[in-house]
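Reading the structure
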Amino acid sequence: MVTANINSNADPKIISVSNIKIGKGHFAVIAGPCTIESEDQLFRIAYAVKNSGANILRGGAFKPRSSPYEFQGLKKEGLRLLSEVKKETGLPVVTEITNTHALDLFSDIDLIQVGARNMQNYDLLRELGKTDKPILLKRGFCNTLQELLMSAEYIMQAGNENIILCERGIRTYENYTRNTLDLSAVPALHMLSNLPVIVDPSHATGNSALVPSMALAATACGADGLMVEVHFDPACALCDGPQSITPQTFDKLQKDVMKIRNTLF
Ligand code: PEP
Ligand code: MN
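These lines cover the structure that appears in this document, whether it is placed above or below. Here, residues in each chain are numbered from 1, in the same order as that chain's written sequence. Labels follow written order: the first chain is A, the first ligand is 1, and so on. pLDDT decides what is reported in this predicted model: residues at 70 or higher carry local features, side-chain atom pairs at 80 or more are listed and counted, and totals for whole chains, interfaces and linings draw on all residues regardless. Water and hydrogen atoms play no part in the side-chain values, which are based on all heavy atoms of the structure.

So, on to the environment of Val-186. What counts as a helix is a DSSP run of H or I of at least four residues, what counts as a strand is a run of E of at least two, and both are numbered from the N terminus. Among the structural elements, Val-186 can be located in helix H5 (residues 185-192). Distance from Val-186 to Pro-242, taken between C-alpha atoms, is 25 Å for residues 56 residues apart in sequence. Apart from the residues lying within four places of it in its own chain, the contact partners of Val-186 are Val-197, Val-199, Cys-221, Gly-222 and Ala-223. Residue contacts follow a heavy-atom distance rule, with two residues in contact if any of their heavy atoms lie within 4.5 Å.

Right, let's get into the site of ligand 1. Proximity criterion: a residue is near a molecule or strand once any of its heavy atoms comes within 4 Å of it. Taken together, Arg-58, Lys-63, Glu-96, Gln-113, Gly-115, Ala-116, Arg-117, Lys-138, Arg-168, His-203, Met-227 and Glu-229 make up the full set of residues near ligand 1. In this structure, Arg-58 approaches ligand 1 through a side-chain N or O atom, which is 2.8 Å from an oxygen atom. Here an oxygen atom of ligand 1 and a side-chain polar atom of Arg-168 are 2.6 Å apart. The protein chains hide 97% of the 290 Å² of surface that ligand 1 would expose on its own. Three categories are distinguished: nonpolar for Ala, Val, Leu, Ile, Met, Phe, Trp, Tyr, Cys and Pro, charged for Asp, Glu, Lys and Arg, and polar for the others, with Gly belonging to the last. Class assignment for the residues of the shell around ligand 1 results in two nonpolar, three polar and seven charged. Each polar contact in these results corresponds to two N or O atoms within 3.5 Å; when the atoms are within protein, one needs to be able to donate a hydrogen and the other to accept it, and residues that are neighboring in sequence are counted only if both atoms are side-chain atoms. Exposure was quantified through the Shrake-Rupley algorithm and a 1.4 Å probe, taking into account, for residues, occlusion by the shown protein chains and nothing else.

Our next topic: the pattern of salt bridges. Take a side-chain nitrogen of Lys or Arg and a carboxyl oxygen of Asp or Glu: if they are within 4 Å of each other, that pair is a salt bridge. Under the counting rule described, the total for this entry stands at 16 salt bridges. A salt bridge links Glu-229 to Arg-58; the shortest N-O distance between them is 3.5 Å. Here the residue Glu-229 occupies a position in strand S10 (residues 225-229), and Arg-58 occupies one in strand S4 (residues 56-58), the gap between them amounting to 171 residues. We note that Glu-229, like Arg-58, is buried. Arg-178 serves as the salt-bridge partner of Asp-240, at 3.1 Å between the closest nitrogen and oxygen. In this pair, Asp-240 is assigned in the loop between S10 and helix H8 (247-264) and Arg-178 in the loop between strand S8 (163-167) and H5, connecting sequence segments 62 residues apart. Relative accessible area serves as the criterion here: at 37%, Arg-178 is assigned to the partly exposed category. Here's how the labels work: a residue is buried when its accessible area is under 20% of the maximum for its type, exposed when over 50%, partly exposed in between, all with a 1.4 Å probe on protein chains only.

The subject of this paragraph is the packing of aromatic side chains. Note on aromatic contacts: the rings of Phe and Tyr and the six-membered ring of Trp form a pair at centre separations within 6.5 Å, being stacked when their planes are under 30 degrees apart, edge-to-face when over 60 apart, and tilted otherwise. A complete count under the given rule lists two aromatic pairs for this structure. Pairing Phe-62 with Phe-106 gives two aromatic rings, centres 6.2 Å apart and planes at 25°, and the pair type is stacked. With Phe-62 in the loop between S4 and helix H2 (76-89) and Phe-106 in the loop between strand S5 (93-96) and strand S6 (111-114), the pair connects residues that are 44 residues apart, well separated along the chain. Phe-106 shares its class with Phe-62; the two are buried. Any Lys NZ or Arg CZ found within 6 Å of a ring centre and within 35 degrees of that ring's normal is scored as a charge over the ring. In this arrangement the basic side chain of Arg-44 is found over the ring face of Phe-232, its NZ or CZ atom lying 3.9 Å from the centre.

Where strands meet in a sheet, backbone hydrogen bonds hold them as pairs that are either parallel or antiparallel. Here the rule is simple: two strands pair whenever DSSP picks up at least two bridges between them. The strand order S3-S4-S5-S6-S7-S8-S9-S10 describes a closed barrel built from eight strands, whose pairing is parallel. Sheet twist, expressed as the average angle between the axes of neighbouring strands with direction ignored, equals 25°. Bridge analysis of S8 against strand S9 (residues 197-199) gives three bridges, and the strand direction is parallel. In the strand pairing of S9, Glu-167 is matched with Val-199. Whenever a helix is involved, its axis is fitted only over the stretch in contact; in every case the axis is a line through C-alpha atoms, and angles between N-to-C directions fall within 0 to 180 degrees.

Next up on the list: the packing of helix H1 (residues 39-52) against H8. Where H1 meets H8, the closest approach of the two axes is 9 Å, and the angle between their N-to-C directions is 20°. When the interaxial angle is binned, H1 and H8 end up roughly parallel. Of the two possible hands of crossing, H1 and H8 adopt the one that is right-handed. Note on element contacts: H8 touches H1 through Pro-247, Phe-250, Asp-251 and Gln-254, opposite Ala-48, Val-49 and Ser-52. Split by residue class, the contact of H1 with H8 holds four nonpolar, two polar and one charged. When an angle is under 35 degrees it counts as roughly parallel; over 145 it counts as roughly antiparallel; between 65 and 115 it counts as roughly perpendicular; any other value is oblique. Note on convention: near helix rotated counterclockwise from far helix by under a right angle means a left-handed crossing. Clockwise means right-handed.

Coordinates in, geometry out; function isn't part of it.
Here it is, written out as structure tokens:
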């Protein structure tokens, strides 16, 4: 395959998301709710994860749900709340874009996420390639590492080299977990490219009881960061409650992650 832009021999790349660096020894923890539900919910979670040491706040505004009958996100209002919470807390924000028409609304977003379902939306990738925003590119649940890298190439070919790759689990015959976390993707993507690689143990497992151990394993195998879903009341969350950990669990996880970082890296 032709990878004109991805260079596996080059020095590991550092991607800047506002004042936060990711890659080449810079480790970032992204945390927050799957979906923004209200101002109160977003602000409470933002302050909680910030106090525990998270570097970037996540929160979905446009939610690509598997069922059209499920909550689809607060959309524009969600983006407005992200701008507000960023001003108040100083945390950079990441949220998912689902189509090219929405791009103008993302001017105040620090890191634009392309979700698993849109990893091969080539028109979207090309448009994002024309922006100067860093892009968080998640692996599709039925996509190979080569396909993930080709999607990164689409963005780069259009002019934007600021890409963070994200392993979030793939579909296998195992159905105890929501997906199967492919941790070998982390060292493999580091060998195949010089882009930072982060891991999302929340969508990878679909089960909050499994999230901390998978986050620690991802840290130990050299991930450049983590993205974790956090909610004060997972049982009542509008989206992905079963895989959301509480702020208390996140606080302990953050400490354990730092212990691994300090021991191994
Ligand atoms: C998300 O991060 O909110 C999300 C929808 O993840 P994925 O695209 O990996 O399913
Ligand atoms: Mn989610």
